[in-house]
Amino acid sequence: QVQLVQSGGGLVQAGGSLRLSCAASGSFRADVMGWYRQAPGKQRELVASQTNDGITNYADSVKGRFTISRDNAKNTVSLQMNSLKPEDTAVYYCNAVYWIWGPRRDYWGQGTQVTVSS
């Protein structure tokens, strides 16, 4: 069983920065690690992800402002969020995807609130 533990987040004014971090337990490296977010009344959406060979994917709304980074040796992933906007306000979830045991398995962090005030 894989557990994801998140840290970071909080309240910031528009234009500010925050950093989220996530560590995955276990001996196996995740195939993909990333971040999703869910705002009130909206569906959970992908923010950014990175494969274990470095391929990144970003939502159009965060390109140029957010940067995802992984430490494969430590099985951790971080999200540096700059130039934050009120519309970035949401609960952010760390995600790890594994295919090593067969069918895709997704694991989720506990979620952390990010609030951007105008």
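Refer to the structure presented above.
Residues numbered from 1 in each chain as written. Predicted model: local features only at pLDDT ≥ 70, side-chain atom pairs only at ≥ 80, totals over all residues. Heavy atoms only, no water.

> Mind showing me how you'd approach the overall build of the chain here?
Summing up its helical and strand segments, the chain has zero helices and eleven strands in all. When the helices and strands of the chain are read in sequence order from the N terminus, they spell out β-β-β-β-β-β-β-β-β-β-β. For the chain, the C-alpha radius of gyration of 14 Å lies close to 13 Å, the compact-globule estimate for 118 residues. For the chain, the spread of C-alpha atoms along the three principal axes comes to 45 × 25 × 20 Å. (Helix = DSSP H or I, 4+ residues; strand = E, 2+ residues; numbered from the N terminus. Rg over C-alpha atoms; globule rule 2.2 N^0.38 Å.)

> Quick question: what am I supposed to make of the pattern of salt bridges here?
A pair can form between side chains of opposite charge whenever their charged atoms are brought close. Throughout the structure, instances matching the rule amount to five salt bridges. In this structure, K63 and D60 form a salt bridge, with 3.0 Å as the shortest nitrogen-oxygen distance. A salt bridge links R104 to D106; the nearest nitrogen and oxygen atoms lie 2.6 Å apart. We classify R104 as partly exposed; its relative accessible area is 43%. Using a relative accessible area of 31% as the deciding quantity, one classes D106 as partly exposed. Residues joined in a network through salt bridges with shared partners are R37, E45, R65 and D88. (Salt bridge = Lys/Arg side-chain N within 4 Å of Asp/Glu carboxyl O. Buried < 20%, exposed > 50% of the residue type's maximum accessible area, 1.4 Å probe, protein only.)

> How should I be thinking about the packing of aromatic side chains in this particular structure?
Given two aromatic rings, their pairing is described by the distance between the two centres and the angle made by the two planes. Evaluated as defined, the whole model comprises four aromatic pairs. Judged by centre distance (5.6 Å) and plane angle (85°), the ring pair of F28 and W101 falls under edge-to-face. With a gap of 73 residues between them, F28 in the loop between β3 (18-24) and β4 (32-38) and W101 in the loop between β9 (90-98) and β10 (105-108) connect regions that are remote in the sequence. On the basis of relative accessibility, which here comes to 35%, the residue W101 falls in the partly exposed class. With a centroid separation of 5.0 Å and an interplanar angle of 70°, the aromatic rings of Y36 and W108 are classed as edge-to-face. With Y36 in strand β4 and W108 in strand β10, this pair connects stretches of sequence that are 72 residues apart. Looking at Y36, the relative accessible area reads 18%, which means it is buried. In this structure an aromatic cluster arises from ring pairing among F28, Y98, W101 and Y107. When the ring centre of Y93 is taken as origin, the NZ or CZ atom of R44, which lies over that ring, is 3.8 Å away. Sitting over the ring of W108, R44 keeps its end group 4.6 Å from the ring centre. (Phe/Tyr/Trp six-rings, centres within 6.5 Å; stacked < 30°, edge-to-face > 60°. Lys NZ or Arg CZ within 6 Å of the ring centre and 35° of its normal.)

> Looking at this model, I keep getting lost on the pairing of β10. Mind explaining?
Relative to β10, β9 runs antiparallel, the two sharing four bridges. Bridge pairing links V97 to D106 in β10. Hairpin connection, β9 to β10: the antiparallel pair is bridged by six residues, and G102 has positive phi, about 120°. (Pairing = 2+ DSSP bridges.)

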